[in-house]
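Per-entry structural report
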Amino acid sequence: MRMRRWWRTLKPAEQVVALGALVTLVVGVIAAVPAYLTAAKETPAGSDSAANSTPPPEPTTGPPGTPEPTDPPTPPATPTASTTPSPPPTRTPRPTVAPTVTRTPTVRFAITSATVVPNCSDVFGTGDEPPAGRTAVLFVRPAGGSYFYEQPLRFPTPHNWRANRVVVGDERSPGQRFELHVFLVSDAYARELTTHDGTPYPVPDVPGEPLTSAAVTRTDEIGNC
C-alpha cells in the first residue's frame, strides 16, 4: 500500500528512472543466483569452522590396507664395561716343600768279636757313637755275679767300636762262661769309673741303659795282656 502511494507521488520521468533501477537490481540478483548456488555446492557446511581448526594429518603414501608403521622396538641396552679395574686374580701360593733330609740309618749295638776268648782279648762290634753327654762303657760279668767295670768304648770309624785288652776272669777261669755287657751311662759316671782303672771294680747295679751283650767262654790262654 505504501509502495503505491510512493509510486503515485513520482513524476513520469522519476518513475522511468526508478523502474530502470528496479530492473537493474532484479537482473543483478538473478545473475548472482547461479554463482551463489555453485559456491554453496563446492563449500560444505562447517567449512568456515574447519578452516580455523588444526589441519588433518597428511595421508600415508602406502597402498590401501597397509598397516600404519609403528615405532621400531627399542633395542636392549648394551652393558658398558665398568670403569673400576678388576682386582688381580688371587693365586694360591704353592705349598712349601721341606727339603729332603737324608738321615743316616741307626746302627744298633752288637758285639761281633769271638765268643771264645783268652784271659786278655780285644772286643769289638758295631753301633752309633753316643750323643753328647753320654758314654758307652763295657762291663764283664761272671755268670750269676756282679758287673765288673772294664773301660769306655772307642769309635775309630763311624758305626764301629773297640775295647782293647779286655780282661776276662783270671788264671782260674779257663772253661768258665762270662758275659760281656755294654751300657750307655752319663759322662759324669763314666769319669768316676775311670778312677778305678787297673783293678777289678765290681758294680752291683749299673746306672745306665743296656745297649748289647754277648756270652763268651774262657780259654786257658793268656792272650794280649
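Note that this is a predicted model, so its numbers are computed, not measured. (Residues numbered from 1 in each chain as written. Predicted model: local features only at pLDDT ≥ 70, side-chain atom pairs only at ≥ 80, totals over all residues. Heavy atoms only, no water.)

1. Details of the state of the cysteines
Definition in use: In this description, the term disulfide denotes a pair of cysteine sulfurs within 2.5 Å. Here a helix means four or more residues in a row that DSSP labels H or I, a strand means two or more in a row labelled E, and each is numbered from the N terminus. Summary of the burial criterion: residues with accessible area below 20% of their type's maximum are buried, those above 50% are exposed, and those between are partly exposed, where the area comes from a 1.4 Å probe applied to protein chains only.
Counted under the stated rule, the structure contains 1 disulfide. Here C120 is linked by a disulfide to C225, with a sulfur-sulfur distance of 1.5 Å. Because the torsion about its S-S bond is 100°, the bridge between C120 and C225 counts as right-handed. Here C225 lies in the segment after β10 (209-218) and C120 lies in strand β3 (residues 120-126), a separation of 105 residues in the sequence. Take C225: its relative accessible area is 55%, and that puts it in the exposed class.

2. Concerning the pairing of strand β4 (residues 134-142)
For clarity, the cut-off: Two strands qualify as a pair provided DSSP detects at least 2 bridges between them.
As defined by bridge partners, β4 adjoins strand β8 (residues 177-186) across 9 bridges and the pair is classed as antiparallel. Following the sheet pairing, T135 is matched in β8 by V185. When β4 meets strand β5 (residues 147-152), the two strands line up antiparallel, connected through 4 bridges. Within the sheet, the bridge partner assigned to V137 lies in β5 and is P152. Connecting β4 to the antiparallel partner β5 that follows it, the hairpin turn spans 4 residues, and G144 within it adopts a positive phi of roughly 80°.

3. Observations concerning the sheet that holds strand β6 (residues 154-157)
Taken in spatial order, the 4 strands of this open sheet run β1-β3-β7-β6, and their pairing is antiparallel. The open sheet is flanked by β1 (110-111) and β6, the only strands paired with a single partner.

4. Let's talk about helix α4 (residues 187-194)
Condition: Within this analysis, the arc is defined by the directions that extend from the helix axis to the C-beta atoms. Every residue pair with non-hydrogen atoms within 4.5 Å of one another is taken to be in contact.
When α4 is considered as a whole, its buried residues turn out to be Y189, A190 and L193. Taken down its axis, α4 places every buried residue within 100° of arc, on the same side. Residues of α4 that are buried in the fold lie against β4, β5, β8 and β9 (201-203).

5. Describing the packing of aromatic side chains
Within a pair of aromatic rings, the relevant descriptors are the distance that separates the centres and the angle that separates the planes. How we decide: Centres within 6.5 Å are what make two rings of Phe, Tyr or Trp a pair, Trp counting through its six-membered ring; a difference in plane orientation under 30 degrees is then read as stacked, over 60 as edge-to-face, and the rest as tilted. Look at NZ for Lys and CZ for Arg. If either is within 6 Å of the ring centre and within 35 degrees of the ring normal, a charge sits over the ring.
Across all of its chains, the model carries 5 aromatic pairs by this definition. Relative to F155, the ring of F109 lies with its centre 6.3 Å away and its plane at 90°, an arrangement referred to as edge-to-face. Placement of the pair is F109 in the loop between α3 (47-52) and β1 and F155 in strand β6, with a sequence separation of 46 residues. Per residue, the accessibility class of F109 equals that of F155, and both read buried. Taking 6.4 Å as the distance between ring centres and 75° as the angle between the ring planes, the aromatic pair formed by F139 and Y147 counts as edge-to-face. Here the two residues F139 and Y147 agree in accessibility, since each one is buried. A connected cluster of aromatic rings, assembled from ring pairs, spans F139, Y147, Y149 and F183. The residue whose ring lies beneath R141 is Y147, and the NZ or CZ to ring-centre distance is 4.9 Å.

6. Quick notes on the pattern of salt bridges
Side chains carrying opposite charge are able to pair once their charged atoms draw close together. The condition that has to hold: Whenever a carboxyl oxygen of Asp or Glu lies within 4 Å of a side-chain nitrogen of Lys or Arg, that contact is scored as a salt bridge.
Counted by the stated rule, this structure contains 3 salt bridges. A salt bridge links E179 to R141, with the nearest nitrogen and oxygen atoms 3.7 Å apart. Taken together, the positions of E179 in strand β8 and R141 in strand β4 put the pair 38 residues apart, joining distant regions of the chain. For E179, a relative accessible area of 28% gives the class partly exposed. Residue R141 is classed as partly exposed on the basis of its relative accessible area, which comes to 22%.

7. Structural notes on the nonpolar core
Here is the rule: Here, nonpolar core refers to any group of buried Ala, Val, Leu, Ile, Met, Phe, Trp, Tyr and Cys residues whose side-chain atoms link them within 4.5 Å.
Ranked by size, the top nonpolar core spans 17 residues in total, and within it L138, L153 and W161 carry the most contacts. Where this core is concerned, the elements lending two or more residues are β4, β7 (160-167) and β8. Excluding residues within four positions of it along the chain, L138 makes contact with V123, F148, Y149, E150, Q151, L153, A163, V166, L180, H181 and V182. Among the nonpolar cores identified, the runner-up in size contains 11 residues, and F139, Y147, Y189 and V206 belong to it.

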